[in-house]
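# Chains, contacts and geometry: an overview
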Amino acid sequence: MKKKFNTVCLIDDDPIFIFGASRLMKQAAFCNSLIVYNNGKEALDQLKPIMASGDLEKVPDLILLDLNMPILDGWGFLDAFITFTPPKPIEVYIVTSSVSNHDKQKAKKYADAVKEYVIKPITPVKLKEIIERE
Amino acid sequence: MNEQRYAHILKGTAIGLWEWNILTKEVIFSEEWAKVLGYTPDEISHTENLWEALCHPEDYEKSQHLLESHLSGESSFYESEVRMRHKDGRYIWVKDQGKVVSWKDGKPEWMTGFHKETTQAKIDAEIKRTFIDQAPGAIAMFDTELNYLAASKQWIIDYNLPEDIEGQNHYDLFDIPERWKEIHRRCLAGEIHQAEEDEFFDRTGNPFYLRWQVKPWYRGDKIGGLLMQTSNLTTFKKLQIERLRQSRFQETVFNAIDVGIVACNEKKELTYFNKTSREWHGLPSEPVPASQLSEYYSLYQADAKTLLAEKDIPLLKVLEGQQLNEDEIIVIKIKDKDRFVRVTGNQLFDEKDRMIGAVVAMHDITEIIKSTKEKNLSDTTFKSSFENAPIGMALVSPEGDWIQINQQVSEILGYTEEDFRSFSLKDIIYPDDLEIDSVFLNQLLQGKKDNYQIEKRYFHKNGGIVHAILSVSVVRGDQNAPLFLIKQITDITNQRKYETDLHKALELTKNQNERLMNFSHIVSHNLRSHSGNLSMLVNFLKEELKGDQAELVEMLGSASAQLTETIEHLTEVTELQRNEDEVLKPVRLKEYLKFTENTLKAIIKENNIRFIDDTDSDILIHAIPAYLESILLNFTTNAIKYRSVDTDSYVKFETQKLKNEIILSISDNGLGIDLNKHGEKLFGMYNTFHEHADSRGIGLFITKNQIEAMGAEVRVASKVGKGTTFEIRFPYEEKI
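Residues numbered from 1 in each chain as written. Chains lettered and ligands numbered in written order. Predicted model: local features only at pLDDT ≥ 70, side-chain atom pairs only at ≥ 80, totals over all residues. Heavy atoms only, no water.

## Some words on the overall build of chain B
- Across its full length, chain B carries 23 helices and 28 strands.
- Taken over the C-alpha atoms alone, chain B extends approximately 235 × 60 × 60 Å along its principal axes.
- Of all intrachain contacts in chain B linking residues separated by at least 6 positions in sequence, the fraction that spans at least 24 positions is 48%.
- Here chain B displays about 44,400 Å² of accessible surface, and carbon together with sulfur accounts for 51% of that area.
- Chain B carries 89 positive and 119 negative side-chain charges, and their two centres are separated by 2 Å. (Helix = DSSP H or I, 4+ residues; strand = E, 2+ residues; numbered from the N terminus. Contact = heavy atoms within 4.5 Å. Areas by Shrake-Rupley, 256 points an atom, 1.4 Å probe, with all protein chains shown as cover. Lys, Arg positive; Asp, Glu negative; His and termini not counted. Charge placed at Lys NZ, Arg CZ, Asp CG, Glu CD.)

## Thoughts on the pattern of salt bridges
All names here are of chain B.
- Within the structure shown, the criterion is met by 40 salt bridges over all chains.
- Among the ionic pairs, Glu182 bridges to Arg185, the shortest N-O distance being 3.3 Å. Here Glu182 pairs with Arg185, and both are found in helix α8 (residues 178-188), just three residues apart, close to one helical turn.
- For Glu182, a relative accessible area of 32% gives the class partly exposed.
- Here Arg185 falls in the partly exposed class, since its relative accessible area comes to 45%.
- In this structure, Asp312 engages Lys311 in a salt bridge whose closest nitrogen and oxygen atoms are separated by 3.4 Å.
- Residue Lys311 is classed as exposed on the basis of its relative accessible area, which comes to 60%. (Salt bridge = Lys/Arg side-chain N within 4 Å of Asp/Glu carboxyl O. Buried < 20%, exposed > 50% of the residue type's maximum accessible area, 1.4 Å probe, protein only.)

## What about the interface of chain A and chain B?
- In this assembly, 21 residues from chain A lie in contact with 16 residues from chain B.
- Across the interface of chain A and chain B, roughly 1,500 Å² is buried in total on both sides, 55% from carbon and sulfur atoms.
- Applying the counting rule to chain A against chain B returns one salt bridge.
- Across the salt bridge formed by Arg23 of chain A and Glu544 of chain B, the nearest N and O atoms sit 2.3 Å from each other. (Buried area = accessible area lost by both parts, 1.4 Å probe.)

## Some thoughts on unusual backbone geometry
- Between Lys120 of chain A and Pro121 of chain A the backbone carries a cis peptide bond, its omega angle lying at -5°.
- Along the chain, Pro121 of chain A falls in the loop between β5 (114-119) and α5 (124-133).
- If you check the backbone angles, Lys25 of chain B has positive phi at about 65° while not being a glycine.
- Mapped onto the elements of the fold, Lys25 of chain B is located in the loop between β1 (16-21) and β2 (27-29).
- Owing to a relative accessible area of 36%, Lys25 of chain B belongs among the partly exposed residues under this scheme.
- Of note in the backbone geometry, Asn608 of chain B takes a positive phi value of approximately 60° without being a glycine.
- Mapped onto the fold, Asn608 of chain B is located in the loop between α20 (601-607) and β23 (610-614).

## Considerations on empty space enclosed by the protein
All names here are of chain B.
- Counted according to the given criterion, the structure contains one cavity of 30 Å³ or more.
- In this structure, the largest cavity occupies an estimated 160 Å³ of space.
- What lines the largest cavity is a set of 14 residues, and nearest its centre among them are Val262, Leu299, Ile313, Leu315 and Met362.
- For the lining of the largest cavity, the elements supplying multiple residues, two or more each, are β12 (270-273), α11 (293-297), α12 (314-319) and β16 (355-364).
- When the residues that make up the lining of the largest cavity are grouped by side-chain class, the tally is 13 nonpolar, one polar and no charged. (1 Å grid on protein atoms, 1.4 Å probe; cavity = no way out; pocket = protein on both sides within 12 Å on 5 of 7 lines; lining within 4 Å. Points joined across faces, edges and corners; volume = space filled by probe spheres on them. Nonpolar A, V, L, I, M, F, W, Y, C, P; charged D, E, K, R; others polar.)

## Some words on the sheet that holds β5 of chain A
All names here are of chain A.
- In spatial order, the strands read β2-β1-β3-β4-β5; together these five strands make up an open sheet with parallel pairing. For this open sheet the edge positions go to β2 (31-37) and β5, each flanked by a neighbour on one side alone. Along the sheet, successive strands turn relative to each other by an average axial angle of 20°, direction set aside.
- Where helix α4 (residues 101-108) meets the sheet, its contacts fall on β4 (91-96) and β5, and the angle it forms with β5 comes to roughly 165°. (Pairing = 2+ DSSP bridges. Axes fitted to C-alpha atoms, helices over the stretch in contact; angles between N-to-C directions.)

## Here's the deal with the packing of aromatic side chains
Residue and element names in this part refer to chain B.
- Counted by the stated rule, this structure contains 21 aromatic pairs over all chains.
- When the centroid spacing of 5.6 Å and the interplanar angle of 40° are considered together, the rings of Tyr430 and Phe459 count as tilted. You can see Tyr430 sitting in the loop between α15 (417-421) and α16 (434-445) and its partner Phe459 sitting in strand β19 (residues 451-459), a full 29 residues away along the chain.
- The exposure class assigned to Phe459 is partly exposed, which follows from its relative accessible area of 28%.
- Over the ring of Tyr171 we find Lys181, and its NZ or CZ is 5.2 Å from the ring centre.
- Here the basic side chain of Lys237 rests over the ring of Tyr209, its NZ or CZ set 5.5 Å away from the ring centre. (Phe/Tyr/Trp six-rings, centres within 6.5 Å; stacked < 30°, edge-to-face > 60°. Lys NZ or Arg CZ within 6 Å of the ring centre and 35° of its normal.)

## Description of the confidence of the model for chain A
- This prediction gives chain A a mean pLDDT of 88; 97% of its residues lie at or above 70.
- Element-level mean pLDDT values for chain A span from 85 in α4 of chain A up to 94 in strand β3 (residues 62-65) of chain A. (pLDDT = per-residue confidence, 0-100.)

## As for the sheet that holds β12 of chain B
All names here are of chain B.
- Strands sit in the order β12-β11-β16-β15-β14-β13 across an open sheet of six strands; the sheet is antiparallel. Taken across any chain shown, the strands that pair with only one partner, and hence form the sheet edges, are β12 and β13 (299-300).
- Bridge count for β13 against strand β14 (residues 329-334) is two bridges, and the pairing is antiparallel. Across the sheet, residue Tyr300 finds its bridge partner in β14, namely Val331.

Written out as structure tokens, the structure is:
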């Protein structure tokens, strides 16, 4: 079965969600490899050298980003991320349990980088939608 | 021989002839010559020494001198007037005249002449001279050559001349100007010149004034010389000038002062008006009789209504010798204006202290009376407003001493007026508030500001603290110096207390609200992520389990979904508060109703509901669009949900435009709500009033909050079994 994405990066601190999301992604044949980081800082620290290496295989096609995280939250990650010039286009999906309008509006300010604001729980339907869109 | 012949001739003549041989000393007299002296020719012998013997010793020398001068040829004839002794022993005046008639060897030989008695003429001249000498005025008599013949003592004194003036020439004594010489010449030709008053200047340049007359005097019908008569008017003139100056000074003063002065004579006739009184009255064209004075000059009693009786006219009272009152006030109507005039006056007396009239001075005190009245009025007004003011008022000296305190101050601070006398206001000011007050007070006293207002605390007599607003203004006098301070004290202790309570309540609410926010944060972020995980895991279970277990998992899934929905509702509620900064804008209600109908088209049709829009199409309301949308959807859904299954159901929208609001009524003929039972909780969270599968109770709570967030309000009228009407009142402005 052909995987839609080569590399997908999941940034979330909730192990249950990580478990659920990876399982759903496997079922949906979502990607070849999944990189998981537990907060924004860890993600930045690891992604920077990957992008600098020029190894396009390892550079993620898609980032699923949680907002509420310890150390560096999703907004902090975004602020740094948008200053990068990645070697290939990277789609960012915010995946959060926050239904707050405030957060939804704030996400629109990062419209250049953020493709969609997805509310948890993530479902097979949603994953399929993403695959079909890209 | 010759002697005989001459003797004969001489005897026959009637004049006192004489002949004298100068060489031989022979003398011949006529009979008449002897007779002049009282002798017969026989009684006196023609001796050489006869003449010397009879001549007055004082006159002899003079006559010898005159004789010598003729004999030597200096004078053409000899003339001498001397005293000779008469036979009866007295001296008589005799005028002796003679001339040399023959010469011998170049020397005078015979001289002939005559003498006659001149005593009477001499006495006459003496009398005349004495008359002039003794004349009381300054008078002088001159001959035609302007030699002094005589001058009166006064003349000598007036012109500072030597006693022995006779024979001296006027032109030698004075530097007579040509003008006067001309006058002298004319007078010597017969004219008379005079002046009543003429100004002269003495040697030092001081002016003096003379009345003078110059005229000729006659000897027979010939002009013998001039008479000059002068009277020195200088003293009189000086007095006159002084008097003129004085009267001018008085006149100027009288006219300069703002006091009317009027005088009358003893016949009650007005004789004097100064400038002010002239301005008041003008001058009468003809004398006004005393009985008409009041009417003519509009003189009234102090009441300004009653004309003054003649006996009450101040000028006439003074004339009659009556004393005027201390405050003799009358009213003069001048150009229809009442002038209040205070009158003082005195009688007038002449030099012999005879009363010749009266004078009054009239002081216009209209302005003074007016300002006194105003002052009294403002004093009274101030006093009354001071005493009855609903706030505490105090008059305080710039040094901080009480001048006056009203009752309210006592009531606010608890001290009696007596207490206040024993300390200064400073003593009861809360120590922390002392400095700020003194800073402002200094600015006030230095004239940098006229008033200030601060909040201050005082100690009440009972020890409590009184919060007050203190307003201080300054009243300034001359040169802007502060006279006193007006302090107004408003007790705000209660307001302060309410404010503090309110502040505390606010603080409490804020804290609670914050906790609520934290709670809602936990709900929306954490709880929700847990429920999300739960539903995800349940789904995994569903895929893996079959049979009875599957049924269990199905139920677990349902519980999880309900939890998620509840959490979503709670989140929505907390979201309401966050959206307070949404902006109101005018929107057309009709369009939103259409949108609502379209959105709910499916269930409206499914439930066979009539959607009735009876609103005015031009109605605009001030709303937050998203809220309005949500409100309309919610009420409509409610009406559909709680419809009465028995009846033909409808939901109806109507509007009513009032003066300041627009009322939107949403009514249905559904199940209705028992308001007696549920009224208070109707719009509460998680209250449901129907045993209906879908009722969650969150809807009306959110709706009410959204309505209130737009500044509108909602009311409900309902009857179980009849239906429900919600009324939303939107504030309305004509402009939108």
